[in-house]
Amino acid sequence: MAAQLPVPVFTSLDQAIPDIQTAAVQAVRYSQLVEEYEKRFGHKPTYIARAPGRVNLIGEHIDYVLFGAFPAAIERDILIACGPSLSSESGATETSAPGGVRAQNLNPKYDPQTFAPMLKSAGPSAAEEADAASAVHAEPAWHLDINTRELRWESYIKAGYYGVLSRFFPAALAGSDKQDHPVPVDLLFTGSVPSGSGLSSSAAMVVASTLAFLTVNNKLDGVTKGQLVEMAMENEKRVGVNSGGLDQAASVICTPHSALYVTFFPQLGAELIPLPTPRTTPRAVFVCANSLVVSDKVVSAKWHYNLRVVETLVGARVLANKLGIQLGPADRPTFREILSRWLGTPESELDTDALKVGIERFLPEVEKLRPGHEGRPAGEEGVTMQEMIELSGLSAEQFHKVYLSWVEVEAEYFQLYKRARHVFTEALRVIEFRDVCLRANASSDAPPADTLQQLGALMDASHESCATLCESSCPEVDALCWLAKAAGAYGSRTTGAGWGGCTVSLVAEDRVEEFIGKIKEGYAPYRELEGERLREASFATKPSAGAFVLKLDA
Ligand code: NG1
């Protein structure tokens, strides 16, 4: 239901942010952005598009195999002041082509950018060769030259634009009088989500950019939150990371005070679940702590993120073979789909309780992926590329086409068993986390006293699995989790893609200051940090509102 609602468009900030104190602080930020826009572009913006980052409370590296996760939007966000470019006033030249874009950022570290979409009928550029989404286009297609080899801030803007162009301005009709042209746009960005920290600045950038282009081109009417999530997911893949939909769903669908149980199979499902507030013990909040190890997801994708995507996909095929589930040579099912085939229950009858029982029954089957290579030195208990191809039952050529032609990955050993074990146990923990919240919210008097301990234990187990089975943590993040537990957190875990970035810890609200003090003492990279820099690195956060558009006075 939450996914079927329209994307909210507000006409005043107090409608958008009902909390008076927060609205007052944000009002300063919004009006500075508008003033600066006018100075830079010589005209007023017509809208501000806003999309928040998110913290994933539990359910890591399982969205792309189509299992559910449990994120919440955070207060930190990306804002884009936007409006049609008045080229005669601004003197724009390149951008005066239909749909040209001038994009600037309040943060001087990001260079101003000017680009215009082009129509091409030939194949993709060399840089886009690695990008599955644009790999084949015999017909004319929009082209924005996204560089997938290095991380560039404007790639996320272009990714957002692509989706709007291809959905609302079909390339085949471009230039004909059968359709309108995309308007030239001026954009000014500001953001408070730290990049590369696992708080999803990239999804916030793509969602906000998609929203800005939709709004300025007058195409937002009738677009539901679910449709915006799907567009943002497709768009983000163009940057070169084959992500699932967790970040985009959280950034778009969340509401204040609630986390989101988001599922992806057989289609996007979204259930807003308030976090329990025990009355017997102090309320608990989530504290994010940035390890300050920047994980450059795009650049490291072939050893980290995209490798996990490929390992889980190949794992699903190999497991299907071992379970006698028939697959066609071109099929590329996920673990969630294999579970569905094995259970044989129609998805319409598989509610969350039945899914939980199904995963529990399935877990022993995962052992069938455990490799029998006892003779190997520790750490090499995976399978080689050659072994993986044999286990898949495909020819080398078929294997390459299905699993490798659209993505670049590099590994000596592929860990099919460990990844599968992580996926199915983590999927179960997400459902248990949801159950604990629902039970606590439903109890007519006080929620059970051990609610927070139960949530914390699930977070700890999730971290352990991310560290040892998914291998998506790093020593600094492990150290932060350990310190958080020693400082009294109910639970603590790596959040987001990992290999650096942030931890999220569940902490009693009245102990947050003391908690952050202890982390500062114990975590060496924090010792020099004071004031704003410390608040940037470690902060308590409440579930916040999802994306919206603010319509400004003309
Ligand atoms: P972040 O932390 O935003 O890089 C990534 C993926 C998610 C999910 C998590 C791991 C993107 C845009 N997002 O999140 O879909 O797979 O890792 O749970 O790549």
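So, how was this worked out
- Residues numbered from 1 in each chain as written.
- Predicted model: local features only at pLDDT ≥ 70, side-chain atom pairs only at ≥ 80, totals over all residues.
- Heavy atoms only, no water.
- UniProt positions renumbered as here; feature names shortened; annotations may be inferred.
- Near = heavy atom within 4 Å.
- Polar contact = N/O pair within 3.5 Å; in protein donor to acceptor, adjacent residues only side chain to side chain.
- Areas by Shrake-Rupley, 256 points an atom, 1.4 Å probe, with all protein chains shown as cover.
- Nonpolar A, V, L, I, M, F, W, Y, C, P; charged D, E, K, R; others polar.
- Pairing = 2+ DSSP bridges.
- Helix = DSSP H or I, 4+ residues; strand = E, 2+ residues; numbered from the N terminus.
- Axes fitted to C-alpha atoms, helices over the stretch in contact; angles between N-to-C directions.
- Contact = heavy atoms within 4.5 Å.
- Parallel < 35°, antiparallel > 145°, perpendicular 65-115°, else oblique.
- Left-handed = near helix turned anticlockwise from the far one by under 90°.
- Salt bridge = Lys/Arg side-chain N within 4 Å of Asp/Glu carboxyl O.
- Buried < 20%, exposed > 50% of the residue type's maximum accessible area, 1.4 Å probe, protein only.
- Core = buried A, V, L, I, M, F, W, Y, C linked by side-chain atoms within 4.5 Å.
- Expected span 1.5 Å × (residues − 1).
- Arc of directions from axis to C-beta.

Within an unreviewed UniProt entry, the label attached to the protein chain reads Galactokinase, and the organism entered is Ganoderma sinense ZZ0214-1. Quoted straight from UniProt, the Pathway (unreviewed entry) entry for the protein chain says "Carbohydrate metabolism; galactose metabolism."

Draft legend 1. Region of the structure containing the site of the ligand. Among the 18 residues in the neighbourhood of the ligand, the closest are listed as E60, D63, D247, K297 and Y305. Take H61: an N or O atom from its main chain is 2.7 Å from an oxygen atom of the ligand. Here A497 contributes a backbone N or O atom positioned 2.9 Å from an oxygen atom of the ligand. Contact with the protein chains covers 98% of the free accessible surface of the ligand, which is 440 Å². Counted by class, the shell around the ligand contains five nonpolar, seven polar and six charged residues.

Draft legend 2. Spatial organisation of the sheet that holds strand β13 (residues 502-508). In space, the four strands of this open sheet follow the order β12-β13-β11-β14, with antiparallel pairing throughout. Each having just a single partner strand, β12 (491-494) and β14 (538-541) make up the two edges of the open sheet. Direction aside, neighbouring strands of the sheet carry axes that sit 25° apart on average. Sitting on the sheet, helix α15 (residues 451-470) touches β11 (284-290), β12 and β13, and the angle it makes with β12 is about 30°.

Draft legend 3. Inspection of the packing of helix α5 (residues 201-216) against helix α7 (residues 246-253) at higher detail. Here α5 crosses α7 at 55°, and the two axes come no closer than 9 Å. What the angle tells us is that α5 and α7 run oblique. Taken as a pair, α5 and α7 cross one another with a handedness that is right-handed. Between α5 and α7, the contacting residues are A203, A204 and V207 on the first element and D247, Q248, S251 and V252 on the second.

Draft legend 4. Up close: the UniProt feature "domain: GHMP kinase C-terminal" (unreviewed entry) in the protein chain. With numbering aligned to this structure, UniProt lists the feature "domain: GHMP kinase C-terminal" (unreviewed entry) at residues 452-523. From the first C-alpha to the last, residues 452-523 spans 25 Å; its make-up is 58% helix and 15% strand.

Draft legend 5. Up close: unusual backbone geometry. For the peptide bond that leads from F265 to P266, omega is 0°, which places it in the cis range. Checked against the element boundaries, P266 lands in the loop between β9 (258-263) and β10 (269-274). Despite not being glycine, H61 has its phi angle at roughly 55°, a positive value. On the secondary structure map, H61 appears in the loop between β2 (47-58) and β3 (70-84).

Draft legend 6. Main features of the pattern of salt bridges. Throughout the structure, instances matching the rule amount to 32 salt bridges. The shortest N-O distance in the salt bridge between E60 and R493 comes to 2.7 Å. Of this pair, E60 sits in the loop between β2 and β3 while R493 sits in strand β12, and the two are 433 residues apart along the sequence. Using a relative accessible area of 0% as the deciding quantity, one classes R493 as buried. Between K356 and D435 there is a salt bridge, with the nearest N and O atoms lying 3.7 Å from each other.

Draft legend 7. Local environment of the sheet that holds strand β15 (residues 548-551). Across the sheet, which stays open at both edges, the seven strands sit in the order β1-β15-β2-β3-β8-β4-β5 with mixed pairing between neighbours. At either end of the open sheet lies a strand with only one pairing partner, and these are β1 (9-10) and β5 (113-115). Those strands touched by helix α14 (residues 416-442) are β2 and β3, and its axis lies near 105° from that of β2.

Draft legend 8. Region of the structure containing the UniProt feature "domain: Galactokinase N-terminal" (unreviewed entry) in the protein chain. Residues given the UniProt feature "domain: Galactokinase N-terminal" (unreviewed entry) here are residues 35-84. Segment residues 35-84 splits into 14% helix and 54% strand. End C-alpha atoms: 16 Å apart.

Draft legend 9. Geometry of the side chain of R102. Relative to the assigned elements, R102 resides in strand β4 (residues 101-105). Within polar-contact distance, the side chain of R102 engages the side chain of D186 at 2.9 Å.

Draft legend 10. Just the nonpolar core, in detail. Core analysis: the largest hydrophobic core is formed by 141 residues, its most contacted members being F67, F70, L187, I253, F335 and F424. Excluding anything up to four places from it in sequence, L187 contacts Y37, F41, I80, A81, C82, V101, R102, A103, Q104, I157, A212 and F213. Ranked by size, the runner-up nonpolar core spans 18 residues in total, among them A489, I516, Y523 and L529.

Draft legend 11. A look at the pairing of β3. Across the 15 residues that make up β3, a large majority, 13, are buried. Relative to β3, β2 runs antiparallel, the two sharing ten bridges. Bridge assignment links R50 to a residue of β3, and that residue is L79. Both β3 and strand β8 (residues 185-191) contribute to a ladder of seven bridges, which runs antiparallel. The partner of P84 across the bridge, within β8, is V185.

Draft legend 12. Up close: helix α16 (residues 475-486). Taking 1.5 Å per residue as the helical rise, α16 with its twelve residues ought to reach 16 Å, and the 16 Å between its terminal C-alpha atoms agrees with that figure. Buried within α16 are the following residues: V477, L480, C481, L483 and A484. Here the buried residues of α16 occupy an arc of 165° about the axis, which is enough to place them on one side. More than 90 degrees from the buried face of α16, the exposed residues found are P475, W482 and A486. Taken together, the buried residues of α16 touch β11, α15, β12, β13 and α17 (512-522).

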